[in-house]
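Here are the chains, one letter per residue:
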Amino acid sequence: MHNPDIIVIGAGAAGLFFAAKAGEQGKRVLVLDHAKRLCEKIRISGGGRCNFTNLGCEPKHFLSENPKFAISALRGYRAHDFLAEVEAAGIPWEEKKLGQLFCQRSAQDIIDLLLDGCCRAGVIVKSGATIGEVGHDGGAFTVTAEGQRLTAPALVIATGGKSIPKIGATGFGYEVARQFGLPVIEPRPALVPLTFGGPIREMAKELAGLSIDASVAAAAPPGTKKKAKPPAFEDGFLFTHRGLSGPSVLQASSYWREGQALEIDLAPARDMAATLRERKARGGAVTMPVALAEHLPKRLAQKLAEHHGWQGRLADWPDRRIEEAADKLHRWQPLPDGSEGYRTAEVTAGGVDTAALHSKTMEAKSLPGLYFVGEVVDVTGWLGGYNFQWAWASAVAAAKALAPSV
């Protein structure tokens, strides 16, 4: 296709969905991707079964320098809209906890939905394409691919973020944005396990594989107003050989910044001060580790007692000391020394600054015809299908702008 109406760089969820929608309306669309095997991030998502959306998806489930930016796109194309397309394609699906929707068979069903949509719409998709210079000559966008200079009135960047580089993720989209003068919020790994040094790491190593329900949040800086505090996530919490992981930690990691502690409630369903006082009254001859083991896994109870120096009979503990210990159980504040990085991060936070984009169309304010969709934009969803819904919604927003009948 030598004279497409639209060139899309990036053949992932957002790029292919956009291409299919625009192509359905008669637009000639060319999609380029440097990867030889397309949609690898979709293929490995959700344990291989792709958590393709979330029925409870709302703008509050997204991070951005401008939290209101995502509202228009998310309301313009909702989870039930994509689910209707999944059902129309005959894809069997199931709902897990918290509104998370997965393929019953495999993520390949979603990949096939996207590629079949492009095929029916006459979209040309080129994988393994070496992409060189990207430019704008005043009248059209230019892209050099495989040594060929391509031009089009519109260019859509759907290259994703930097997470999971082994499947081909790069910062290419950010480079294009900067080239055209658009600011980029510093990218960082998100939905990623956090690592620790010192005693916390040693404790985590010895407890590796142990999972409990816990509430985890990035500790708020001093003086933070209640409404501005990072949310707490109550879900699976896992000790690993390198630190802490599990859904609750992955969620909190998106809000965590270097030098910031976590705030972990190891017993969110119980008032441990009242519980320990009641245990003392019933028979305080037990030691603190034994008393804790009635409500926490024995190995964890023992390690916490060692870590905090909680020894001796509960009968010998004054109520004030019990309350101090309970506070540490409900507000444990370990300090991460980092994260496992882009290698294992499910998504990239940060990205193309939303202040430079129109929220209803995803078009660059300073350069008509240039669009950014999906993860490359500074909009990052929670764990549980939200990031795929942003891919679908932002793609449709751009497609509606470029092909108004969508």
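Residues numbered from 1 in each chain as written. Predicted model: local features only at pLDDT ≥ 70, side-chain atom pairs only at ≥ 80, totals over all residues. Heavy atoms only, no water.

Undergrad: Would you mind showing me how to read the overall build of the protein chain here?
TA: Each helix and strand counted, the protein chain has 13 helices and 21 strands in total. For the protein chain, restricting intrachain contacts to residue pairs at least 6 apart in sequence, the fraction spanning at least 24 positions comes to 73%. Charge-centre separation for the protein chain: the mean point of 47 positive side chains lies 2 Å from the mean point of 43 negative side chains. (Helix = DSSP H or I, 4+ residues; strand = E, 2+ residues; numbered from the N terminus. Contact = heavy atoms within 4.5 Å. Lys, Arg positive; Asp, Glu negative; His and termini not counted. Charge placed at Lys NZ, Arg CZ, Asp CG, Glu CD.)

Undergrad: Help me understand the sheet that holds strand 16 (residues 243-245) in this model?
TA: Whenever strands of a sheet pair, they do so through backbone hydrogen bonds, lying parallel or antiparallel. Spatial ordering of the open sheet is given by 17-14-15-16-13-18, a layout of six strands whose pairing is antiparallel. A strand with exactly one partner marks an edge of an open sheet, and here the two such strands are strand 17 (262-265) and strand 18 (338-339). Examined bridge by bridge, strand 15 (residues 233-239) and strand 16 share two bridges and lie antiparallel to one another. Residue pairing across strands places Leu238 opposite Ser245, the latter belonging to strand 16. (Pairing = 2+ DSSP bridges.)

Undergrad: Whenever I open this one, the environment of Ala355 confuses me. Can you help?
TA: Structurally, Ala355 is set in the loop between strand 19 (347-352) and strand 20 (370-372). Note: C-alpha distance between Ala355 and Pro183 (172 residues apart in sequence) is 8.5 Å.

Undergrad: For this particular structure, what's the right way to read the environment of Cys119?
TA: Note on placement: Cys119 falls in helix 5 (residues 108-120). Expressed as a C-alpha distance, the spacing of Cys119 and Ile9, which sit 110 residues apart in the sequence, is 17 Å.

Undergrad: What am I meant to see in the sheet that holds strand 5 (residues 93-95) here?
TA: The strand order across the open sheet built from three strands is 3-6-5, with neighbouring strands paired in antiparallel fashion. The sheet terminates laterally at strand 3 (51-54) and strand 5, the two strands that pair on one side only. Going across the sheet, the axis of each strand differs from the next one's by a mean of 25°, ignoring polarity. As defined by bridge partners, strand 5 adjoins strand 6 (residues 100-103) across three bridges and the pair is classed as antiparallel. Bridge assignment links Trp93 to a residue of strand 6, and that residue is Cys103. Along the sheet, helix 4 (residues 79-88) makes contact with strand 3, strand 5 and strand 6, crossing strand 3 at roughly 140°. (Axes fitted to C-alpha atoms, helices over the stretch in contact; angles between N-to-C directions.)

Undergrad: Would you take a moment to explain the layout of surface pockets for this structure?
TA: Empty space among the atoms becomes visible once a probe the size of a water molecule is rolled across them. Here the second largest pocket defines a volume of roughly 520 Å³. Lining the second largest pocket are 22 residues, with Phe62, Leu63, Ser64, Pro67 and Tyr255 sitting closest to its centre. Elements supplying a minimum of two residues to the lining of the second largest pocket: strand 4 (62-63), strand 12 (184-190) and strand 19. (1 Å grid on protein atoms, 1.4 Å probe; cavity = no way out; pocket = protein on both sides within 12 Å on 5 of 7 lines; lining within 4 Å. Points joined across faces, edges and corners; volume = space filled by probe spheres on them.)

Undergrad: In this structure, what is going on with the pairing of strand 19? I would like to understand it.
TA: Within a regular strand, the side chains alternate between the two sheet faces. In terms of burial, strand 19 is largely enclosed, as six of its six residues are buried. Looking at chain direction, strand 12 and strand 19 are connected through five bridges and run antiparallel. What sits directly across from Arg188, in strand 19, is Ala349. (Buried < 20%, exposed > 50% of the residue type's maximum accessible area, 1.4 Å probe, protein only.)

Undergrad: Please clarify how the pairing of strand 2 (residues 29-32) should be interpreted in this entry.
TA: Going residue by residue along strand 2, you find Val29 and Val31 tucked away on one face and Leu30 and Leu32 tucked away on the opposite face as well. Where strand 1 (residues 6-9) lies against strand 2, four bridges are found, and the strand directions are parallel. Bridge pairing in strand 2 places Ile6 opposite Val29. Remark: the strand 1/helix 1 (residues 13-24)/strand 2 crossover connection has right-handed handedness. Examined bridge by bridge, strand 2 and strand 7 (residues 124-126) share three bridges and lie parallel to one another. Directly across from Leu30, in strand 7, lies its bridge partner Ile124. (Right-handed = clockwise from strand over helix to strand, strands pointing away.)

Undergrad: Could you clarify how one ought to interpret the packing of aromatic side chains in this entry?
TA: Working definition: an aromatic ring pair is given by the centre-to-centre distance plus the angle between the planes. Taken as a whole, this structure holds 13 aromatic pairs when the rule is applied. Taken together, a centroid distance of 5.2 Å and an interplanar angle of 65° make the contact between Phe17 and Trp392 edge-to-face. Residue Phe17 is found in helix 1, and its partner Trp392 is found in helix 13 (residues 386-402); the two are separated by 375 residues along the sequence. The buried category is assigned to Phe17, whose relative accessible area is 3%. Residue Trp392 is classed as buried on the basis of its relative accessible area of 0%. Arranged with centres 6.0 Å apart and planes meeting at 40°, the rings of Phe233 and Tyr255 form a pair that is tilted. Here Phe233 is found in strand 15, whereas its partner Tyr255 is found in the loop between helix 8 (247-253) and strand 17, with 22 residues between them in sequence. Taking the relative accessible area as the measure of exposure, Phe233 reaches 6% and is therefore buried. Members of the aromatic cluster, connected to one another through ring pairs, are Phe17, Phe52, Tyr77, Phe82, Phe388 and Trp392. The ring of Phe102 carries Lys96 above its face, with NZ or CZ at 4.6 Å from the centroid. Above the ring of Trp317, the side-chain terminus of Arg321 is found at 3.7 Å from the ring centroid. (Phe/Tyr/Trp six-rings, centres within 6.5 Å; stacked < 30°, edge-to-face > 60°. Lys NZ or Arg CZ within 6 Å of the ring centre and 35° of its normal.)

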